[in-house]
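So the chains spell out like this:
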Amino acid sequence: QVQLVESGGGLVQPGGSLRLSCAASGFPFSRYLMSWYRQAPGKERELVASITSNGESTNYADSQKGRFTISRDNAKRTVYLQMNSLKPEDTAVYYCNARFRAVLKEYDYWGQGTQVTGSS
């Protein structure tokens, strides 16, 4: 059974930091591209950051560059999102995503999300 379990969300003051974690099980984690997405109230879900299966390459949305850092530990089957200098506009539900493209099929899994609230 595939599971992605996010944790680490909460209420944070502007300028504060949070570290989100996503623990994976039920699929070959080390082969998957891992990403964090977020969805603010009334808005579409958007990509925050991605990291390749071996952790050597990362990609960030422009608004997060320099503030957020994605990382992974394949031995622990966990992906992280370190968020610094948080702003009220970072308030959203943050989702963990795992994706793998095989020859004939794409595998795409989502977690349930964790709430991050930046107080103003």
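Residues numbered from 1 in each chain as written. Predicted model: local features only at pLDDT ≥ 70, side-chain atom pairs only at ≥ 80, totals over all residues. Heavy atoms only, no water.

Quick notes on the overall build of the protein chain
The line we're drawing: Under the DSSP-based scheme used, a helix requires at least four consecutive residues in state H or I and a strand at least two consecutive residues in state E, with every element numbered from the N terminus. Two things to know: the radius of gyration comes from C-alpha atoms, and the globule rule equals 2.2 Å times the number of residues to the power 0.38. For the exposure calls, accessible area comes from a 1.4 Å probe over protein chains only, and a residue counts as buried if that area is under 20% of its type's maximum, exposed if over 50%, partly exposed in between. Using the Shrake-Rupley algorithm and a 1.4 Å probe, accessible areas are obtained, with residue cover drawn only from the displayed protein chains. Charge convention: Lys and Arg are scored as positive, Asp and Glu as negative, and His as well as the terminal groups of each chain are ignored. For this purpose, a charge sits on NZ of Lys, CZ of Arg, CG of Asp or CD of Glu.
Counting its regular elements, the protein chain contains zero helices and 11 strands. Counting helices and strands in the order they occur from the N terminus, the protein chain gives β-β-β-β-β-β-β-β-β-β-β. The C-alpha radius of gyration computed for the protein chain amounts to 14 Å, which stays within 12% of the reference 14 Å derived for 120 residues, consistent with globular compactness. Each principal axis of the C-alpha distribution contributes one length, and for the protein chain these read about 45 × 30 × 25 Å. Scored against the burial criterion, the 120 residues of the protein chain give a buried share of 39%. A total of about 6600 Å² of accessible surface is found on the protein chain, and carbon and sulfur atoms cover 46% of it. The average position of the 14 basic charges and that of the 10 acidic charges among the side chains of the protein chain differ by 4 Å.

Some details on the nonpolar core
This is how it is decided: The criterion is simple. A nonpolar core is a set of buried Ala, Val, Leu, Ile, Met, Phe, Trp, Tyr and Cys residues joined through side-chain atoms within 4.5 Å. We call two residues in contact when some of their heavy atoms are within 4.5 Å.
Counting residues in hydrophobic clusters, the biggest one holds 28 residues, and the most contacted among them are Met 34, Trp 36, Val 79, Leu 81, Met 83 and Tyr 94. For this core, the secondary-structure elements that each account for two or more residues are β3 (18-25), β4 (33-39), β5 (46-51), β7 (68-73), β8 (78-83) and β9 (92-101). Apart from the residues lying within four places of it in its own chain, the contact partners of Tyr 94 are Glu 6, Leu 20, Trp 36, Tyr 37, Arg 38, Val 48, Phe 68, Leu 81, Met 83, Gly 113, Thr 114 and Val 116.

A look at the pairing of β9
Going by this rule: Pairs of strands are assigned from DSSP output, requiring at least two bridges between the strands.
The element β9 is largely enclosed, with a buried count of seven among its 10 residues. With five bridges connecting them, β9 and strand β10 (residues 106-110) associate as antiparallel partners. The partner of Ala 98 across the bridge, within β10, is Tyr 109. If you look at the hairpin formed by β9 and β10, you'll find four residues sitting between the two strands.

Quick word on the side chain of Asp 90
Here Asp 90 shows up in the loop between β8 and β9. Taking the relative accessible area as the measure of exposure, Asp 90 reaches 2% and is therefore buried. When sequence neighbours within four positions are dropped, the list of residues in contact with Asp 90 reads Arg 38, Arg 67, Phe 68, Ser 85 and Val 116.

Some points on the sheet that holds β8
Just so we agree on the cut-off: Axes, fitted as lines to C-alpha atoms, cover a helix only where it is in contact. Angles between the N-to-C directions of the axes lie from 0 to 180 degrees.
Judged by pairing direction, the sheet is antiparallel, and its four strands sit side by side in the order β1-β3-β8-β7 without closing on themselves. Strands at the two margins of the open sheet, each flanked by one partner only, are β1 (3-7) and β7. Averaged over all adjacent pairs, the angle separating strand axes in this sheet is 15°, with direction ignored. Bridge count between β7 and β8: six bridges; the pairing is antiparallel. When the bridges of β8 are listed, Ser 71 appears paired with Tyr 80.

Section: the packing of aromatic side chains
What counts is decided by this rule: We call Phe, Tyr and Trp rings a pair once their centres come within 6.5 Å, taking the six-membered ring for Trp, and we label the pair stacked below 30 degrees between planes, edge-to-face above 60, and tilted otherwise. We call a charge positioned above a ring when the Lys NZ or Arg CZ atom is no farther than 6 Å from the ring centre and deviates by at most 35 degrees from the ring normal.
Counted by the stated rule, this structure contains seven aromatic pairs. Considering the side-chain rings of Phe 100 and Tyr 107, the 6.3 Å spacing of their centres and the 35° angle between planes classify their relative orientation as tilted. Positioned above the aromatic ring of Trp 110, the side-chain terminus of Arg 45 is 4.6 Å from the ring centre. A cation over a ring is seen here: Arg 77 above Phe 27, with NZ or CZ 5.9 Å from the ring centre.

No statement about biological role is implied by the geometric values presented.
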